[in-house]
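Below are the chains, spelled out letter by letter.
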Amino acid sequence: MDGDRVEIDGGIMEGGGQILRVSTALSCLLGLPLRVRRIRAGRSQPGLRPQHLSGLEIIRDLCDGKLEGGEIGSTEITFTPGKIRGGTHIADTKTAGSVCLLMQVAMPCVLFAASPSELHLKGGTNAEMAPQIDYTVMVFKPIVEKFNFSFNCDIKRRGYYPQGGGEVVVQMSPVKELSPINLTERGTVTKIYGRAFVAGALPIKLAKDMSAAAVRCIRKEIRDLYINIQPVREPDDQAFGTGSGIIVVAETSTGCLLAGSSLGKRGKNSDKVGIEAAEILLRNLKHGGTVDDSLQDQLIIFMALAKGVSRVKSGPITLHTQTAIHFAEQLTKAKFTVTKSEEEDPNKDTYIIECQGMGMINPNL
């Protein structure tokens with residue numbers, strides 16, 4: 001600690017942008033001044049990339065905070081938060097940097113603002129190494145709203161690698177506090193659906209091929225369920241650039257949502273894209289947890305802030321999740337425990353993530 005500035009080592013564990021997102025969001029919420037050193041130390045291009053910088057800037061603007069070291073390539077920042085305010089906030093990565101990751105950093109903060117917020121997030125909507133916007137709307141949104149808040153996510157324009165150019169508008173009202181969640185019963189898979197999309201110069205045939213390949217792959221394991229993966233061509237006025245991809249979601253009898261997704265890129269066969277998404281989904285169904293690998297770490301900050309005990313059953317704990325837990329515990333009074341689930345079926349690799357939340361109260365309401 002430097003005075004009362006919390007010191008964060010940005011090079012440990014997952015060692016990427018996630019450490020920045022979790023620690024600056026919590027810094028903003030708890031009014032804790034922060035210094036993050038060794039940002040993305042182990043990456044091929046260490047330091048801040050445009051997307052990380054836009055995330056820091058939106059947090060700074062949300063709370064009239066002070067940010068030092070906010071330049072591309074910077075490996076150390078200091079951040080001094082102010083008071084969180086609602087209203088309209090704009091973040092633009094000016095690249096294909098993910099709008100979903102911008103949403104991840106801003107959302108916990110605006111929940112504890114004084115008034116409703118509207119976030120205009122610009123960049124890539126379907127980007128590598130990040131959740132696709134379709135995942136955010138189809139899986140993340142319905143599950144995270146179990147913490148007892150709701151938000152509206154309007155996809156104005158989709159944007160793809162390398163230019164980005166997408167825009168999403170998120171509207172949300174503040175809450176007094178978050179309720180804990182209990183996601184421990186998987187239930188049985190009741191339906192499987194999704195969307196395979198193309199945009200720009202690509203023909204709809206590619207979307208149909210991705211969809212058909214995904215269905216064939218799932219059919220080998222799950223024979224008796226109707227699978228509805230819609231091939232779509234994004235309207236030209238609602239998509240910038242050329243892109244393709246697929247998301248496949250399984251819904252269960254207890255309301256769990258698990259998914260697999262994949263993006264097309266030059267030289268990658270469309271069948272392969274469909275099969276990749278299907279295999280990720282099947283892998284997530286196999287472990288028996290109630291959340292998939294991508295959702296696991298995204299719930300940690302909300303569990304830490306909620307009032308009471310949250311319990312989530314998951315598959316093997318990802319490094320992203322371990323990292324989120326580490327920094328949530330370092331910055332809040334939340335306590336996490338991860339235990340191997342006492343399953344009937346010893347072959348299943350399932351865990352219970354339990355959190356005694358800190359019970360954050362919105363001082364403005």
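Analysis parameters
- Residues numbered from 1 in each chain as written.
- Predicted model: local features only at pLDDT ≥ 70, side-chain atom pairs only at ≥ 80, totals over all residues.
- Heavy atoms only, no water.
- UniProt positions renumbered as here; feature names shortened; annotations may be inferred.
- 1 Å grid on protein atoms, 1.4 Å probe; cavity = no way out; pocket = protein on both sides within 12 Å on 5 of 7 lines; lining within 4 Å.
- Points joined across faces, edges and corners; volume = space filled by probe spheres on them.
- Helix = DSSP H or I, 4+ residues; strand = E, 2+ residues; numbered from the N terminus.
- Nonpolar A, V, L, I, M, F, W, Y, C, P; charged D, E, K, R; others polar.
- Domains from an automatic or database assignment.
- Expected span 1.5 Å × (residues − 1).
- Buried < 20%, exposed > 50% of the residue type's maximum accessible area, 1.4 Å probe, protein only.
- Arc of directions from axis to C-beta.

- Going by what an unreviewed UniProt entry lists, the protein is known as RNA 3'-terminal phosphate cyclase and is assigned to Lophotis ruficrista.
- In its Sequence similarities (unreviewed entry) section, the UniProt entry covering the protein states "Belongs to the RNA 3'-terminal cyclase family. Type 1 subfamily."
- The protein has a UniProt comment under Catalytic activity (unreviewed entry) that states "a 3'-end 3'-phospho-ribonucleotide-RNA + ATP = a 3'-end 2',3'-cyclophospho-ribonucleotide-RNA + AMP + diphosphate".

Points about the layout of surface pockets
Then, in step 1: By volume, the largest pocket is sized at about 1,400 Å³.
Then, in step 2: Looking at the largest pocket, it is lined by 45 residues, and the ones nearest its centre are Leu-101, Ala-127, Glu-128, Met-129 and Ala-130.
Then, in step 3: When contributions to the lining of the largest pocket are tallied by element, the ones reaching two or more residues are helix H1 (17–30), helix H2 (50–62), helix H3 (99–110), strand E14 (257–263), helix H6 (270–286) and helix H7 (293–296).
Then, in step 4: Per-element accounting of the lining of the largest pocket gives the leading share, five residues, to E14.
Then, in step 5: When the residues that make up the lining of the largest pocket are grouped by side-chain class, the tally is 13 nonpolar, 20 polar and 12 charged.
Then, in step 6: A domain-level breakdown of the lining of the largest pocket finds at least three residues from each of domain 1 (6–183 + 291–358) and domain 2 (189–287).
Then, in step 7: One number sums up the size of the second largest pocket: a volume of about 530 Å³.
Then, in step 8: Looking at the second largest pocket, it is lined by 20 residues, and the ones nearest its centre are Thr-242, Gly-243, Gly-264, Lys-265 and Arg-266.
Then, in step 9: Those elements that place two or more of their residues in the lining of the second largest pocket are helix H5 (204–221), strand E13 (243–252) and H6.
Then, in step 10: Each residue belonging to the lining of the second largest pocket can be placed in one class, and the counts come to eight nonpolar, eight polar and four charged.

Topic: H6
Then, in step 1: Taking 1.5 Å per residue as the helical rise, H6 with its 17 residues ought to reach 24 Å, and the 25 Å between its terminal C-alpha atoms agrees with that figure.
Then, in step 2: Taken as a whole, H6 has its buried residues at Ser-270, Val-273, Gly-274, Ala-277, Ala-278, Leu-281, Leu-282, Asn-284 and Leu-285. Looking straight down H6, one finds its buried side chains confined to an arc of 165°; they lie on one side. In H6, the exposed positions angled more than 90 degrees off the buried face are occupied by Arg-283 and Lys-286.
Then, in step 3: Two residues or fewer after H6 comes Gly-288, characterised by a positive phi angle close to 85°.

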